[in-house]
Structures are given as structure tokens and as C-alpha cells.
Amino acid sequence: RSPSCPSPSVRPMTLALASNKHAIFRDGEGDLAGARRGFMAALDYARKAGAKAEEAGYLANLADSFLKIGEYPTALRYAQQALPLTRELKNLNGETVALANIGLAQIAMHDIEAGKKNLRASIAIDERRDSLSGMAATYEEMGQYLEKAGDLAGAVEALHQYRALSDQILQRDQQQAIFEMQEQFDAGRRAEELELLRRENDLKGEQLRARDLQQNLWWLLAASGLLTIVVVAMLARRVRDTNRELADSNARLQEQAEVDPLTGLANRRHFQATMRKVAADGK
């Protein structure tokens, strides 16, 4: 098992990072010898830079590399060098890796009880951190190494623990997936509700604007009607005044027509008009 390693910006650590990445690439390609050379170069650069965290990580990478090719004493040596560094740095992840690599190397060298003890110590750290995946991976490797070492009972027990943890992880992942789906569903439903609420508010706003427009129209019609009434009343009053003035003017004209302007006495026209009135009364 090997953790990833951070890299400072100083030049030796830049070289260390490049060497480590190259080693990981070679390891992925199956070139274990090339991978080991890269890990050793990265370790040398990290030590020159005094970068203890990276040194611990590269030691873990080397231990893992030597475990893969079955050079267990060398793997044990590198893992034992990494362990105190991880504890000094309080790097729990690095400590679990170092303990696991030590335990696996010891089991492969048939120091089974010591190996189990270190593996259980690694598992205990992951358990305190609630790292089910870390515990499961350690139990799986523990079972495989115990089987190769001939401890079948221990291998069966470790693999049972691995199976139980895998089931827990699967159940947790399923619950997480269901929870995420529920969250997505709830988010979608909330989005739909918000959209419906927005549309409802828009509709209400349009209705309010339509009502305001209608009210404004009624007020305009009422004002127009009132203005029309006022105008008609003014025109009717003017007509009445005009008619009255006309009647007065006609009366004055008639009076002037029936009076002699020189003597001021009634003339023949007045006499005839008076006779018509008297005749109309039957007198």
C-alpha cells in the first residue's frame, strides 16, 4: 500500500516529485525494477531537501514495491523506517500504511503473530477514523498473506471481516446513493415548486396590472362622462341665455316697431296687434 505525497516548490522536491510520478508510472506498466529505481531516487531527493513527510511517503512506496516482488526483508526495513516518521508528523494515514506494510512483510516471513498485531494496529487507527474502506483493504491483504503463509484459519477470519466490511460499505454506498437521489428529487421538486410559485406570482401580477388598467379605464370613462355632462350643461345654459337675450331683443324690437319714434305714441301696428288680442279673447 502506498500513499500519495505532496511536494514543496524547492528544486530537490521538484525532482523528487518527478521521480515519484515516473516510478508510479513504471509500476503501472509492470516495470517493477524501474519503479524501485524511481522511488529510491525520490527518497534520496526528499532526504536532501529535509522533507520528512515526503520521505515517509516514498519509504512507504518502496516498501510496497518490494512487497510486490517478494523481497520481504527489504520491504520490512523500509516500512520500519517510515513508521517513526509518520508518528513524529502525526500522519495517521501514513502510520496505517507503515503498520500494514510491516505486518504484511512479517506474515510473509512467517512471523505471523507479530504481523497480525501490526495489521490490527493499522485497522484500529482506521476504525477510530471510521474508515471502512481502509479497514476492508487491510483485512483483504491480511487474508491473502495469511493464506500464502499457511494460516488458513486466520485467513478465513480476515476474509470474513473483509466480506462484512464490504457489505457495510456497499450498504452505506447504497444509502448514500438513495440519499443523493432523494436530494436530487427534492431539489427538482423544490425547483418545480419555485417555478410554479414564480409563474403564479407573475399571473397575479398580470391580474393586478389588468385590474389597475381596468380601474384606470373606468375612471377615465367616468371623468369623460362628467366632462361631457359639464360641457352639455354649459351649452344648455348658453342656449337658454341666448334664447332669453333673443326674446328680450325681439320684445324690444317689437316695442320699437309699435311706437312712433317722434311722438312716442302707439302706431297703427300696435293698434292692429291689440285688436288681434282682443278678437282672440272674443271681445
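Residues numbered from 1 in each chain as written. Predicted model: local features only at pLDDT ≥ 70, side-chain atom pairs only at ≥ 80, totals over all residues. Heavy atoms only, no water.

S.K.: Honestly, the overall build of the protein in this entry has me stumped. Any pointers?
M.R.: When helices and strands are counted, the protein shows 9 helices and 0 strands. When the helices and strands of the protein are read in sequence order from the N terminus, they spell out α-α-α-α-α-α-α-α-α. Relative to the compact-globule value of 19 Å for 283 residues, the protein shows a C-alpha radius of gyration of 55 Å, a clear excess of over 25%. For the protein, the exposed surface amounts to about 18,800 Å²; the carbon and sulfur share of it is 56%. (Helix = DSSP H or I, 4+ residues; strand = E, 2+ residues; numbered from the N terminus. Rg over C-alpha atoms; globule rule 2.2 N^0.38 Å. Areas by Shrake-Rupley, 256 points an atom, 1.4 Å probe, with all protein chains shown as cover.)

S.K.: How do you make sense of the packing of aromatic side chains when you look at a structure like this?
M.R.: Think of a pair of aromatic rings as described by two things: how far the centres are apart, and how the planes are tilted against each other in angle. Taken as a whole and assessed by the stated rule, the structure comprises 2 aromatic pairs. Ring centres of Phe66 and Tyr78 lie 5.7 Å apart, and the angle between their planes is 15 degrees; on these two criteria the pair is classed as stacked. On the criterion of sequence distance, the pair formed by Phe66 in helix H3 (residues 52-68) and Tyr78 in helix H4 (residues 72-88) is long-range, its members being 12 residues apart. Judged by relative accessible area, Phe66 falls into the buried class, the value being 5%. Cation over ring: Arg77 sits above Tyr78, and NZ or CZ is 5.2 Å from the ring centre. Taking the ring centre of Tyr145 as reference, the NZ or CZ of Lys148 above it sits at 5.5 Å. (Phe/Tyr/Trp six-rings, centres within 6.5 Å; stacked < 30°, edge-to-face > 60°. Buried < 20%, exposed > 50% of the residue type's maximum accessible area, 1.4 Å probe, protein only. Lys NZ or Arg CZ within 6 Å of the ring centre and 35° of its normal.)

S.K.: I'm lost on unusual backbone geometry in this one. Help?
M.R.: Excluding glycine, residues mostly carry a negative phi; peptide bonds, for their part, are mostly trans. Although it is not a glycine, Lys90 adopts a positive phi angle of roughly 55 degrees. Tracing the sequence through the fold places Lys90 in the loop between H4 and helix H5 (92-108). A positive phi angle is found at Asp130, which is not glycine, with a value near 60 degrees. The residue Asp130 is located in the loop between helix H6 (112-128) and helix H7 (132-149) in this model.

S.K.: I tried to follow the packing of helix H1 (residues 11-28) against helix H2 (residues 32-49) on my own but got confused; where do I start?
M.R.: Between two packed helices, the angle of one axis relative to the other and the distance separating the axes together describe the packing. Running from N to C, H1 and H2 point in directions that differ by 165 degrees, and their axes come no closer than 7 Å. Taken together, the axis directions place H1 and H2 in an arrangement best described as roughly antiparallel. For the pair H1 and H2, the sense of crossing is left-handed. Facing Pro12, Met13, Leu15, Ala16, Ser19, Asn20, Ala23, Ile24, Arg26 and Asp27 of H1, the residues of H2 in contact are Leu32, Gly34, Ala35, Gly38, Phe39, Ala41, Ala42, Tyr45, Ala46 and Ala49. (Axes fitted to C-alpha atoms, helices over the stretch in contact; angles between N-to-C directions. Parallel < 35°, antiparallel > 145°, perpendicular 65-115°, else oblique. Left-handed = near helix turned anticlockwise from the far one by under 90°. Contact = heavy atoms within 4.5 Å.)

S.K.: How should I be thinking about the environment of Ala41 in this particular structure?
M.R.: Assignment of secondary structure puts Ala41 in helix H2. Placed 17 residues apart in sequence, Ala41 and Tyr58 show a C-alpha to C-alpha distance of 9.3 Å.

S.K.: What am I meant to see in the packing of H4 against H5 here?
M.R.: In the contact formed by H4 and H5, the axes pass within 8 Å of each other and the chain directions differ by 155 degrees. Taken together, the axes of H4 and H5 lie roughly antiparallel to each other. Judged by the sense of rotation from one axis to the other, the crossing of H4 with H5 is left-handed. Residue-level contacts link Tyr72, Leu76, Ala79, Gln80, Ala82, Leu83, Thr86 and Arg87 of H4 to Gly94, Glu95, Ala98, Leu99, Asn101, Ile102, Ala105, Gln106 and Ala108 of H5. Looking at the contact of H4 with H5, its residues break down into 10 nonpolar, 5 polar and 2 charged. (Nonpolar A, V, L, I, M, F, W, Y, C, P; charged D, E, K, R; others polar.)

S.K.: Explain the nonpolar core here, please?
M.R.: As a rule of thumb, soluble globular proteins bury nonpolar side chains together. Counting residues in hydrophobic clusters, the biggest one holds 47 residues, and the most contacted among them are Tyr58 and Tyr78. Of all the secondary-structure elements, those providing two or more residues to this core are H1, H2, H3, H4, H5, H6, H7 and helix H8 (152-257). Leaving out residues up to four positions away in the same chain, Tyr78 has contacts with Met40, Leu43, Leu59, Leu62, Ala63 and Phe66. (Core = buried A, V, L, I, M, F, W, Y, C linked by side-chain atoms within 4.5 Å.)

S.K.: Is there a simple way to explain H6 in this structure?
M.R.: Each full turn of the α-helix corresponds to 3.6 residues, which orients residues three or four apart in the same direction. Between the first and last C-alpha of H6 there are 24 Å, a value that for 17 residues agrees with the 24 Å anticipated at 1.5 Å per step. For H6, the full list of buried residues reads Ile112, Gly115, Lys116, Asn118, Leu119, Ser122, Ile123, Ile125 and Asp126. The secondary structure elements touched by the buried residues of H6 are H5, H7 and H8. (Expected span 1.5 Å × (residues − 1).)

S.K.: I tried to follow a nonpolar patch on the surface on my own but got confused; where do I start?
M.R.: Nonpolar side chains collect at one region of the surface, where Leu217, Trp218, Leu220 and Leu221 lie side by side and expose about 450 Å² of accessible area between them. Looking at the secondary structure, you find Leu220 in helix H8. (Patch = residues over 30% accessible without salt bridge, like charges linked within 9 Å, V, L, I, M, F, W, Y side chains within 5 Å. Salt bridge = Lys/Arg side-chain N within 4 Å of Asp/Glu carboxyl O.)

S.K.: How should the confidence of the model for the protein be read in this particular structure?
M.R.: Low-confidence regions, as indicated by low pLDDT, have predicted coordinates that should not be scrutinised in detail. Averaged over every residue, the pLDDT of the protein is 86; residues scoring 70 or more account for 96%. Within the model, the stretch residues 2-10 combines pLDDT values under 50 with 24 contacts to residues more than four positions away or in other chains. (pLDDT = per-residue confidence, 0-100.)

S.K.: How should I be thinking about H2 in this particular structure?
M.R.: Its 18 residues place the ends of H2 26 Å apart at the C-alpha level, agreeing with the 26 Å of an ideal helix rising 1.5 Å per residue. Residues Gly34, Ala35, Arg36, Gly38, Phe39, Ala42, Leu43 and Ala46 constitute the buried set of H2. Trailing H2 by a residue or two, Gly50 shows a phi angle of about 70 degrees, which is positive.

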